[in-house]
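The primary structure of each chain is shown beneath.
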Amino acid sequence: MDSADGPAVDRAEFDRLVGPLRAELHGHCYRFLGSVHDADDALQEALLRAWRSRANLTDPGKFRPWLYKIATNRCLTMLEQRGRRELPMDSEPDAPAAERIWLEPYPGVGVGEPGPEARYTARESIELAFVAVIQQLPGVQRGALLLRDVLGFTASETAELLDVTVASANSALQRARARLDQREPSVAPDDPRARRLAERYATAWENADVDGIIALLATDARYAMPPLPEWYGGRSAIREFLVTGPLHWRWRFRPTVANGQPAFGTYWWDPERSVFAAMALDVLTVRGGAITDVVSFLDPALFARFALPEFVTD
């Protein structure tokens with residue numbers, strides 16, 4: 001890497017340095033902002049700013065933290081301009097509908113390899129429940145926890161990346177940890193228990209077997225369907241919703257992974273076109289041998305990002 005006084009790194013060298021970091025930077029922006037689309041924008045802007053200021057970096061060994069500082073600053077700026085993303089079960093009941101901005105699902109299991117200071121695995125740090133709690137933290141707390149406990153930066157590196165003192169960074173981290181330490185990680189999608197549970201769940205839906213669906217849910221399970229603000233808590237409420245609503249239709253489920261959790265692209269039978277058409281992306285949280293949460297994202301536009309077809313015929 002050339003000095004500020006010398007010729008700047010060329011495009012090919014810049015792209016070579018950025019390439020291995022692009023996916024983990026995108027995951028960082030997603031955790032920060034709770035939106036794949038916002039993460040796309042943040043990453044694009046961060047890389048543009050990094051390219052324009054590339055001559056300011058004199059030590060190539062510090063390229064990764066330098067890039068993370070630019071991306072983190074961009075995320076903090078975006079937080080000031082946009083509302084907090086959330087899930088329906090975390091939303092204030094009296095909040096105006098126009099002010100509600102929903103969390104978005106993230107394809108895959110996780111991105112990046114945590115450093116030695118990290119407390120969370122890549123998969124745990126992308127879970128819906130984890131990202132939902134992150135969205136409730138103030139900006140500096142959010143940054144401190146993500147940089148230190150997810151990415152594994154040291155205390156001094158975290159403070160430098162956030163432009164605060166080490167004491168301030170540690171204080172923000174402790175307050176953030178107090179919120180996160182209350183959550184229990186879910187079971188991984190490739191765990192045999194989660195896989196069997198997800199398969200049984202999909203089969204029960206395709207057979208319109210409400211008893212089979214309910215039997216797989218935890219007693220206090222929750223079911224939400226953003227962008228609809230309504231959500232249902234407990235087996236009885238979920239059962240009533242299912243039998244009076246979606247189980248009137250025929251369904252097909254196609255497996256995928258979202259936020260490091262079992263997920264399905266769900267398709268309802270469209271009699272006019274004689275096909276099963278994309279309806280929602282269902283993300284399951286599995287804990288203690290039962291499904292504790294189902295978040296059904298009612299947005300067929302998500303299917304392309306998850307490599308799911310728009311229609312299925314069988």
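Residues numbered from 1 in each chain as written. Predicted model: local features only at pLDDT ≥ 70, side-chain atom pairs only at ≥ 80, totals over all residues. Heavy atoms only, no water.

Draft legend 1. Representation of the overall build of the protein. Looking only at helices and strands, one finds eleven helices and nine strands in the protein. The C-alpha radius of gyration of the protein comes to 21 Å, within 12% of the 20 Å expected for a compact globule of 314 residues. Along the first, second and third principal axes, the C-alpha atoms of the protein reach 70 × 40 × 40 Å. Considering the protein as a whole, with its 314 residues, one finds that 52% of them fall into the buried category. Within the protein, counting contacts between residues at least 6 apart in sequence, those at least 24 apart form 64% of the total. (Helix = DSSP H or I, 4+ residues; strand = E, 2+ residues; numbered from the N terminus. Rg over C-alpha atoms; globule rule 2.2 N^0.38 Å. Buried < 20%, exposed > 50% of the residue type's maximum accessible area, 1.4 Å probe, protein only. Contact = heavy atoms within 4.5 Å.)

Draft legend 2. Geometry of the environment of H37. Summarising the element assignment, H37 is placed in helix α3 (residues 36-52). H37 sits 274 residues away from F311 along the chain, and the two C-alpha atoms are 24 Å apart. Leaving out residues up to four positions away in the same chain, H37 has contacts with E104 and R305.

Draft legend 3. Representation of the nonpolar core in the model. Counting residues in each nonpolar core, the largest one holds 69 residues, and the members touching the most others are Y30, F63 and L67. A per-element tally of this core places helix α4 (residues 63-81) first, with nine residues. Contact partners of L67, with chain neighbours within four places excluded, come to V18, L21, L25, L47 and A50. (Core = buried A, V, L, I, M, F, W, Y, C linked by side-chain atoms within 4.5 Å.)

Draft legend 4. Main features of the packing of aromatic side chains. Applying the stated rule across the entire model yields 17 aromatic pairs. Aromatic ring contacts, followed pair by pair, group Y201, W205, W249, W251, F253, F264 and W268 into a single cluster. Geometry around W51 places R11 over its ring, the cationic atom sitting 4.5 Å from the centre. (Phe/Tyr/Trp six-rings, centres within 6.5 Å; stacked < 30°, edge-to-face > 60°. Lys NZ or Arg CZ within 6 Å of the ring centre and 35° of its normal.)

Draft legend 5. Representation of the packing of helix α2 (residues 22-33) against α3. Relative orientation of the contacting elements α2 and α3 amounts to 125 degrees, with a least axis distance of 8 Å. Between α2 and α3, the interaxial angle falls into the category oblique. For the element pair α2 and α3, the recorded crossing hand is right-handed. Residue-level inspection shows R22, L25, H26, C29, Y30 and L33 of α2 in contact with α3, the latter providing V36, D38, A39, D40, A42, L43 and L47. In terms of residue class, the contact of α2 with α3 is built from nine nonpolar, one polar and three charged. (Axes fitted to C-alpha atoms, helices over the stretch in contact; angles between N-to-C directions. Parallel < 35°, antiparallel > 145°, perpendicular 65-115°, else oblique. Left-handed = near helix turned anticlockwise from the far one by under 90°. Nonpolar A, V, L, I, M, F, W, Y, C, P; charged D, E, K, R; others polar.)

Draft legend 6. The arrangement of the side chain of T266 in detail. With respect to the element layout, T266 can be found in strand β6 (residues 261-270). Since its relative accessible area comes to 2%, T266 is described here as buried. Those residues in contact with T266 that lie beyond four places of it in its chain are W251, R252, F253, A277, A278, M279, A280, D282 and F303.

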